[in-house]
Amino acid sequence: MKLAVFSDIHSNIEALDCVLKKISLENVDGLICCGDIIGYGPNPNECVEKIKSIKNIKIVAGNHDKAAVGLFDINWFNDNAKAAILWTSSVLTKENKKFLGELPEKIQTENFTVVHGSPRESINEYLIKPSDMQDNLQFFETQICFIGHSHYPFVYTVENGITGLSTDITLQITSKSIINVGSVGQPRDGDNRACFLILEDNKITFHRVEYDIEKVQTKMREKFLPEPLITRLSYGK
Ligand code: ZN
């Protein structure tokens with residue numbers, strides 16, 4: 001079984017298209033998305049429709065997906081995120097809102113669990129500290145739990161702590177692990193390329209993909225999205 005796993009697209013269709021193109025060369029059996037299809041970027045409807053068109057994909061809801069359809073309090077968001085989600089909500093079609101509103105918060109298969117934030121609090125907990133990650137290991141039953149939300153790719157195990165994985169690297173998963181798959185549409189680990197991973201036989205390989213950042217930034221300016229959200233794409237921070 002070979003799977004592609006990604007998260008946090010954030011209405012960035014250029015990044016999503018480049019990631020899906022690279023995934024199409026990998027002959028995967030399925031795809032997994034850890035949430036936040038929309039928010040921040042200029043193409044929410046295009047991203048939802050692209051995701052909807054993929055066969056063999058499992059998707060969980062992120063905090064932005066829920067906030068855009070009124071199922072998550074936007075007062076949790078900072079001013080820039082809030083401005084972007086209000087704009088997103090105003091342009092999303094009824095059908096796409098329905099799709100986002102019906103996404104599950106957690107998916108569990110025989111081999112892995114998928115949530116957006118954390119196994120303990122699927123929508124809103126940010127896993128940054130190793131102690132929080134250790135506490136969270138008891139909240140899922142499979143060997144692997146895939147998460148997104150912080151936009152930092154890493155693998156956490158009790159034995160090795162946090163292994164940061166910002167460049168192309170392969171790792172064998174041998175014990176219970178929380179794996180943050182990074183972000184497609186708004187990386188924050190200092191690498192501005194879109195991020196995804198491939199899982200095959202308990203081996204994960206992180207990939208980074210270049211996309212046309214300036215094209216996205218131009219569209220964001222045309223839609224008067226907050227400037228800090230635009231400039232951060234250049235730096236991947
Ligand atoms: Zn996100």
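Residues numbered from 1 in each chain as written. Predicted model: local features only at pLDDT ≥ 70, side-chain atom pairs only at ≥ 80, totals over all residues. Heavy atoms only, no water.

1. Let's talk about the coordination of the zinc ion
Reference values for angles at a metal are 109.5 degrees in the four-donor tetrahedral case and 90 or 180 degrees in the six-donor octahedral case. In this structure, D8 (OD), H10 (NE2), D36 (OD) and H151 (NE2) serve as the protein donors to the zinc ion, at separations of 1.9 to 2.7 Å. Metal-centred angles of 88 to 175° between the four donor atoms at the zinc ion mark the site as irregular. All donor residues of the zinc ion come from one chain, and their arrangement in sequence is D-x1-H-x25-D-x114-H. Neither residue differs from the other here; D8 and H10 are each classed as buried. (Donors = N, O, S within 2.8 Å, 3.2 Å for Na, K, Ca; no water. Tetrahedral: all angles 85-135°; square planar, octahedral: opposite > 155°, others 65-115°. Buried < 20%, exposed > 50% of the residue type's maximum accessible area, 1.4 Å probe, protein only.)

2. What to know about empty space enclosed by the protein
If you walk through the whole model with that rule in mind, you get one cavity of 30 Å³ or more. What the largest cavity holds in volume is close to 40 Å³. What lines the largest cavity is simply H10, N12, Y40, G41, P42, G185, Q186, V216, M220, L229 and L233. Contributing elements (two or more residues each) for the lining of the largest cavity: α7 (213-222) and α8 (227-235). (1 Å grid on protein atoms, 1.4 Å probe; cavity = no way out; pocket = protein on both sides within 12 Å on 5 of 7 lines; lining within 4 Å. Points joined across faces, edges and corners; volume = space filled by probe spheres on them. Helix = DSSP H or I, 4+ residues; strand = E, 2+ residues; numbered from the N terminus.)

3. Quick notes on the layout of surface pockets
Taken as a whole, the largest pocket spans an internal volume of roughly 220 Å³. Lining the largest pocket we find 14 residues, and of these Y40, F77, N78, A81 and Y126 sit closest to its centre. Secondary-structure elements contributing two or more residues to the lining of the largest pocket are α3 (63-68), α4 (79-91) and α8. Sort the elements by how many residues they give to the lining of the largest pocket and α8 lands first, with three residues. In terms of residue class, the lining of the largest pocket is made up of seven nonpolar, five polar and two charged. (Nonpolar A, V, L, I, M, F, W, Y, C, P; charged D, E, K, R; others polar.)

4. Comments concerning the sheet that holds strand β3 (residues 57-59)
The sheet built from six strands is open, its strands ordered β3-β2-β1-β11-β12-β9 with mixed pairing. Looking at which strands have only one partner, the edges of the open sheet turn out to be β3 and β9 (169-172). On average, adjacent strands in this sheet sit at an angle of 20° to one another, irrespective of strand direction. Looking at chain direction, β9 and strand β12 (residues 203-209) are connected through four bridges and run antiparallel. Across the sheet, the residue bridging to Q172 is K203, located in β12. (Pairing = 2+ DSSP bridges. Axes fitted to C-alpha atoms, helices over the stretch in contact; angles between N-to-C directions.)

5. So, the side chain of T157
Within the element layout of this structure, T157 appears in strand β7 (residues 154-157). Excluding residues within four positions of it along the chain, T157 makes contact with S175, K176 and S177. (Contact = heavy atoms within 4.5 Å.)

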